[in-house]
Amino acid sequence: MVDKVKKDAVEALAGLLFDGMTIMAGGFGLCGIPENLIAAIREAGTKDLTVISNNCGVDGFGLGILLENRQIKKMVSSYVGENKLFEQLYLSGELELEFNPQGTLAERIRAGGAGIPAFFTRTGYGTLVAEGKETRAFDGEMYVMERGLTADLSIVKAWKADAEGNLIYRKTARNFNPMMATAGKKTVVEVEELVAIGELDKDAIHTPGIYVDHIVKGAKFEKRIERVTTRQKETA
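Residues numbered from 1 in each chain as written. Predicted model: local features only at pLDDT ≥ 70, side-chain atom pairs only at ≥ 80, totals over all residues. Heavy atoms only, no water.

(A) Representation of the packing of aromatic side chains within the structure. Considering all chains together, one arrives at 2 aromatic pairs under this definition. On the basis of an interplanar angle of 85 degrees and a centroid distance of 5.4 Å, the ring pair of Phe138 and Tyr143 is categorised as edge-to-face. Take Phe138: its relative accessible area is 32%, and that puts it in the partly exposed class. Among the aromatic side chains, those forming a connected cluster through ring pairs are Phe120, Phe138 and Tyr143. Looking at Lys157, its charged tip hangs above the ring of Phe221, at a distance of 4.5 Å from the centre. (Phe/Tyr/Trp six-rings, centres within 6.5 Å; stacked < 30°, edge-to-face > 60°. Buried < 20%, exposed > 50% of the residue type's maximum accessible area, 1.4 Å probe, protein only. Lys NZ or Arg CZ within 6 Å of the ring centre and 35° of its normal.)

(B) Seen up close, the pattern of salt bridges. Scanning the entire structure with this criterion turns up 14 salt bridges. Shared partners join several salt bridges into a network, and the residues in it are Lys74, Glu98 and Arg108. (Salt bridge = Lys/Arg side-chain N within 4 Å of Asp/Glu carboxyl O.)

(C) Summary view of the side chain of Glu146. Here Glu146 lies in strand β8 (residues 141–147). A distance of 3.0 Å separates polar atoms of two side chains, one belonging to Glu146 and the other to Lys133. (Helix = DSSP H or I, 4+ residues; strand = E, 2+ residues; numbered from the N terminus. Polar contact = N/O pair within 3.5 Å; in protein donor to acceptor, adjacent residues only side chain to side chain.)

(D) Quick peek at unusual backbone geometry. Although it is not a glycine, Asp139 sits at a positive phi angle of roughly 50 degrees. Positionally, Asp139 belongs in the loop between β7 (135–138) and β8. Of the residues examined, Asp139 reaches a relative accessible area of 82% and is grouped as exposed. In this structure, Asn175 takes a positive phi of about 20 degrees despite not being glycine.

(E) Layout of the pairing of strand β3 (residues 49–52). The two faces of β3 match: Leu49 and Val51 on one face and Thr50 and Ile52 on the other face are all buried. Here 3 bridges tie strand β2 (residues 22–25) to β3, and the two strands are oriented parallel to one another. For Met24, the partnering residue across the bridge sits in β3 and is Ile52. Bridging between β3 and strand β4 (residues 72–77) involves 4 bridges; their strand directions are parallel. Residue pairing for β4: Thr50 is matched across the bridge by Lys74. (Pairing = 2+ DSSP bridges.)

(F) Highlighting helix α2 (residues 35–44). If you check which residues of α2 are buried, you get Glu35, Asn36, Leu37, Ile38, Ala40 and Ile41. Of the residues flanking the end of α2, it is Gly45, one or two places downstream, whose phi is positive at about 75 degrees.

(G) Structural context of the environment of Gly132. Among the structural elements, Gly132 can be located in the loop between β6 (118–121) and β7. For Gly132, a relative accessible area of 90% corresponds to the exposed category. When the C-alpha atoms of Gly132 and Val144 are compared, they prove to be 10.0 Å apart, with 12 residues separating the residues in sequence.

(H) Structural context of the state of the cysteines. Scanning the entire structure with this criterion turns up 0 disulfides. No disulfide involves Cys31; its nearest neighbouring cysteine sulfur is the one of Cys56, lying 17 Å away. Among the residues examined, Cys31 registers a relative accessible area of 29% and is labelled partly exposed. Note on Cys56: relative accessible area 1%, which makes it buried. (Disulfide = S-S within 2.5 Å.)

Structure (structure tokens):
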């Protein structure tokens, strides 16, 4: 069996990074992001990246640290509202942006991982989203053609894994991670817990190990809260 488990994030990414590559990064906001792998990419200095991710982290954390280091050339995203630097770079023309409805982005990634080059959706028809894209009528309704997405590398966060790369995600941290795991030419996963082969409940596995190339147990996880919202405690 190929030894997929690596000692740290740097070793897990060794030989996989190059300038101008496309990277898929799992997570939704700051939930379920591969923060140790992102930090290793920053340290590597790989530049001119196209990054496919729901969003671009926040200022100073997550994918935001790659923006700060000017390593990202283009984002393929669905939400950009929590990052002031993202806004500044986009409005100044320093950062390219391919904006997607969120469900469309998820389906583009899933389609890419399933070997489906394109599909039609009603979402976005008659809006800026459809500009320059093929449209077609089905059963009296108009649809927009969207292309499937793949990447040179997918970086994914999971809760548990075994040495074969079978993965379990925890609750909402599953988000974009499972489909991204299938859509990269290479997939590197950071996990919170690494268990012995056979220890995972087979019925609970979300991503089978056939999709995973390298695994690393994260050195630390900050798990920041993107926006803290509280209310005053009610008194009797």
